[in-house]
Amino acid sequence: MKKIFIALLSGIIFGLGLSLSQMVNPDKVIAFLDVFGQWDPSLAFVMIGALLVSFISFRLVLKRPEPILEQSFHLSARKDIDKALLTGAAMFGIGWGISGFCPGPAIAGLGMGNIEALVMVVSIYAGFFFQRWLGKIIS
Amino acid sequence: MFINLVQVFLVENFTPYSALLGGALIGLSVTLLLLFNGRMAGISGIMKGLFNAPQDERVWRFTFLCGLIIGAIIFQQIMPDFVVPRQGYPLWLMALGGFFVGIGTRLGNGCTSGHGICGIANLSKRSIFATLTFMGFGMLTVYVIRHVL
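Residues numbered from 1 in each chain as written. Chains lettered and ligands numbered in written order. Predicted model: local features only at pLDDT ≥ 70, side-chain atom pairs only at ≥ 80, totals over all residues.

### Things to note about the overall build of chain A
Right, so step 1: When helices and strands are counted, chain A shows six helices and zero strands.
Right, so step 2: In chain A, the succession of helices and strands from N to C terminus is α-α-α-α-α-α.
Right, so step 3: Seen through its principal axes, chain A has C-alpha atoms that stretch 45 × 45 × 30 Å.
Right, so step 4: Expressed as a percentage of its 139 residues, the buried residues of chain A come to 55%.
Right, so step 5: In chain A, 42% of the contacts between residues at least 6 apart in sequence involve partners at least 24 apart. (Helix = DSSP H or I, 4+ residues; strand = E, 2+ residues; numbered from the N terminus. Buried ≥ 20, exposed ≤ 12 C-beta atoms within 10 Å, placed from the backbone. Contact = placed C-beta atoms within 7 Å.)

### Let's talk about the overall build of chain B
Right, so step 1: For chain B, the helix and strand inventory stands at seven helices and zero strands.
Right, so step 2: From first element to last, N terminus to C terminus, chain B shows the α and β order α-α-α-α-α-α-α.
Right, so step 3: Taken along the three principal axes of its C-alpha coordinates, chain B extends 55 × 35 × 35 Å.
Right, so step 4: Across the 149 residues in chain B, those meeting the buried criterion constitute 52%.
Right, so step 5: Sequence separation of 24 or more characterises 40% of the internal contacts of chain B that already satisfy a separation of 6 or more.

### Remarks on the environment of F99 of chain B
Right, so step 1: When you line up the elements, F99 of chain B lands in helix α5 (residues 91-107).
Right, so step 2: We classify F99 of chain B as buried; it has 24 C-beta atoms within 10 Å.
Right, so step 3: Setting aside chain neighbours within four positions, we find F99 of chain B in contact with G95, S123, A126 and G127 of chain A.

### Structural notes on unusual backbone geometry
Residue and element names in this part refer to chain B.
Right, so step 1: Not every positive phi belongs to a glycine, and N109 is a case in point at roughly 55°.
Right, so step 2: Secondary-structure assignment places N109 in the loop between α5 and α6 (112-121).
Right, so step 3: Look at N109 and you get buried, because 22 C-beta atoms sit within 10 Å.
Right, so step 4: Even without glycine at this site, L123 takes up a positive phi of about 55°.
Right, so step 5: Looking at where L123 falls in the secondary structure, it is placed in the loop between α6 and α7 (125-148).

### Describing the nonpolar core
Right, so step 1: In this structure, A50, F92, I107 and M120 of chain A together with L33 and F100 of chain B are the most contacted members of the largest nonpolar core, which totals 84 residues.
Right, so step 2: No other element matches the twelve residues that helix α2 (residues 16-37) of chain B contributes to this core.
Right, so step 3: Excluding its chain neighbours within four sequence positions, the residues that come into contact with L33 of chain B are I6, A7 and S10 of chain A together with R39 and A41 of chain B. (Core = buried A, V, L, I, M, F, W, Y, C linked by C-beta atoms within 7 Å.)

### Quick word on helix α1 (residues 2-20) of chain A
Quick reminder: α-helices carry 3.6 residues per turn. Residues three or four places apart thus point the same way.
Right, so step 1: With 19 residues, α1 of chain A extends 27 Å between its outermost C-alpha atoms, agreeing within 8% with the 27 Å of an ideal straight helix rising 1.5 Å per residue.
Right, so step 2: Following α1 of chain A by one or two positions, Q22 of chain A adopts a phi angle in the positive range, close to 70°. (Expected span 1.5 Å × (residues − 1).)

### Digging into the interface of chain B and chain A
Right, so step 1: Contacts between the two partners involve 99 residues from chain B, matched on the other side by 98 residues from chain A.
Right, so step 2: Of all the elements in the fold, those that place two or more residues in the side of chain B that touches chain A are α2, α3 (43-52), α4 (58-78), α5, α6 and α7 of chain B.
Right, so step 3: Sorting elements by how many residues they give to the side of chain B that touches chain A places α2 of chain B first, with 21 residues.
Right, so step 4: Tallied by class, residues from the side of chain B that touches chain A come to 61 nonpolar, 31 polar and seven charged. (Nonpolar A, V, L, I, M, F, W, Y, C, P; charged D, E, K, R; others polar.)

### Examining α6 of chain B
Right, so step 1: Counting buried positions along α6 of chain B gives nine out of ten residues, so the element sits mostly inside the fold.
Right, so step 2: Those residues of α6 of chain B that sit buried are T112, S113, G114, H115, G116, I117, C118, G119 and A121 of chain B.
Right, so step 3: Structurally, α6 of chain B contributes buried residues whose contacts are with α3 (44-61) and α5 (103-110) of chain A together with α2, α3 and α7 of chain B.
Right, so step 4: Taken from the residues just after α6 of chain B, L123 of chain B is the one with a positive phi, measuring 55°.

### Quick word on the confidence of the model for chain A
Right, so step 1: Per-residue confidence for chain A gives a mean pLDDT of 96; residues scoring 70 or more make up 100%.
Right, so step 2: Of all secondary-structure elements in chain A, the lowest mean pLDDT belongs to helix α6 (residues 115-138) of chain A, at 95, while α5 of chain A reaches the highest, 98. (pLDDT = per-residue confidence, 0-100.)

### Brief notes about the packing of α1 of chain A against α5 of chain A
All names here are of chain A.
Right, so step 1: Interhelical geometry of α1 versus α5 gives an angle of 95° and a closest axis separation of 10 Å. Judged by the angle between their axes, α1 and α5 are roughly perpendicular. Packed against α1, whose contacting residues are F14, G15, L18 and S19, the element α5 presents G104, P105 and A108 at the interface.
Right, so step 2: Of the residues that constitute the contact of α1 with α5, the class distribution is four nonpolar, three polar and no charged. (Axes fitted to C-alpha atoms, helices over the stretch in contact; angles between N-to-C directions. Parallel < 35°, antiparallel > 145°, perpendicular 65-115°, else oblique.)

### Concerning the packing of α5 of chain A against α3 of chain B
Right, so step 1: The interhelical angle for the contact between α5 of chain A and α3 of chain B, taken along N-to-C directions, is 65°, at an axis separation of 8 Å. Across from P103, G104 and I107 of chain A in α5 of chain A, the residues of α3 of chain B making contact are I43, S44 and M47 of chain B.

What follows is the structure, given as structure tokens:
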């Protein structure tokens, strides 16, 4: 129950952050990605702000033997830079550039009654299922 | 160089302070989830697990995503005119973009939050490479759409 509450609280703060920083505004995202045009570097500051906090806090948190409400930390142990990682990241970048939305703002945008966000969330899930289906066929 | 910098800061709608503060809130959020629940707040991973994680792993994912929506609703109540919705962008392009985002984040195991924030904060080499790649391809895509096509 406590873990559910933390997840809710963490989600709410994340949603507030995405809104205040304007990550939920696709025009703003595209203006940030438009480095060869009228570049608006604002969204670089979102990353700076987030990393200033998390870079320090993660060092402190991960010094603990375990999280407060769980037996262990769920961290990825992978270190390899493989083709799937880079192909996937490239495809994500293309989709991000086309739409101006990444997954967080797509979900948060639902709360703003944004039709674009709804289309985005549905098609992200379509992409998930397609990728899983494709993976099964290949393997 | 100097003139370029001045131009950058004269760009209309340059909003470094709200971006920095919003980013700090996101940093606080990912910290809470790691400190208490031991989880990295990667949104695409949380979205995926909503349907295919073990049953008892789905509830916190659902509440986290609800939290995202609630956070946006609260923000709109406080500052209703702050985020201006885009008008008239073709929805088929949204669908195409979303489809790419879906495939790409699953294949690459993460998005802006998982790789770009949590992964980099954890100094993961994979996440640093992934972030550089999606940033680069995002910029390239916008360049092609805005200045080539």
